[in-house]
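Descriptive structure summary
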Amino acid sequence: MKATVSEECIGCGLCESTCDAVFSIGDEGVAVAIEEDIPEEYEDAAKEAEEGCPVGAITVE
Ligand code: SF4
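Residues numbered from 1 in each chain as written. Predicted model: local features only at pLDDT ≥ 70, side-chain atom pairs only at ≥ 80, totals over all residues. Heavy atoms only, no water.

A closer look at the site of the ligand
Looking at the ligand, there are 14 residues lining it, with C9, C12, G13, C15 and C53 nearest. At a threshold of 2 Å from the grid points, most atoms of the ligand map onto the largest cavity. Each residue belonging to the shell around the ligand can be placed in one class, and the counts come to 12 nonpolar, 2 polar and no charged. (Near = heavy atom within 4 Å. 1 Å grid on protein atoms, 1.4 Å probe; cavity = no way out; pocket = protein on both sides within 12 Å on 5 of 7 lines; lining within 4 Å. Sits in = over half its atoms within 2 Å of the grid points. Nonpolar A, V, L, I, M, F, W, Y, C, P; charged D, E, K, R; others polar.)

So, in structure tokens, the structure goes:
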């Protein structure tokens, strides 16, 4: 499974709070996801972040 963040991101920081193993707020003030596969133990948290994103900017698949 991989996570991606689209240009819709408004930089609210919720995904980082939910799953900082996968998401972080980058230098440009928007979220970035790790490029490698999501470690299995963080898949549930990453999906939670996907569901919680207020603008639907996260895809986890
Ligand atoms: S929760 Fe969504 S809008 Fe907020 S920082 Fe993460 S990707 Fe961006």
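Moving on, there is more to tell.
Here we look at empty space enclosed by the protein
Inspection of every chain in the model, using the stated rule, returns 1 cavity of 30 Å³ or more. Estimated volume of the largest cavity: approximately 100 Å³. Only α1 (14-18) and α2 (43-52) provide two or more residues apiece to the lining of the largest cavity. (Points joined across faces, edges and corners; volume = space filled by probe spheres on them. Helix = DSSP H or I, 4+ residues; strand = E, 2+ residues; numbered from the N terminus.)

Details of the nonpolar core
Of all hydrophobic cores here, the largest spans 15 residues; its most connected members are V22, F23, A46, I58 and V60. Elements supplying a minimum of two residues to this core: α2 and β4 (58-60). In terms of residue count, α2 provides more of this core than any other element does, 3 residues in total. When sequence neighbours within four positions are dropped, the list of residues in contact with I58 reads T4, V5, C15, F23, A49, E50 and C53. (Core = buried A, V, L, I, M, F, W, Y, C linked by side-chain atoms within 4.5 Å. Buried < 20%, exposed > 50% of the residue type's maximum accessible area, 1.4 Å probe, protein only. Contact = heavy atoms within 4.5 Å.)

A few points about α2
Note on helix geometry: an α-helix contains 3.6 residues per turn, so any two residues three or four positions apart are oriented the same way. Along α2, the residues classified as buried are A45, A46 and A49. Down the axis of α2, the buried side of the element spans an arc of 100°, and every buried residue falls inside it. For α2, exposure combined with an orientation more than 90 degrees from the buried face picks out D44, E48 and E51. Summarising the contacts, the buried residues of α2 are in contact with α1, β2 (23-25) and β4. (Arc of directions from axis to C-beta.)

Considering the environment of Y42
Position of Y42 among the secondary structure elements: in the loop between β3 (31-33) and α2. Note on Y42: relative accessible area 34%, which makes it partly exposed. Linking Y42 and A21, residues 21 residues apart in sequence, is a C-alpha distance of 7.2 Å. Each residue touching Y42, except ones within four places of it in the same chain, is listed here: C19, A21 and V22.

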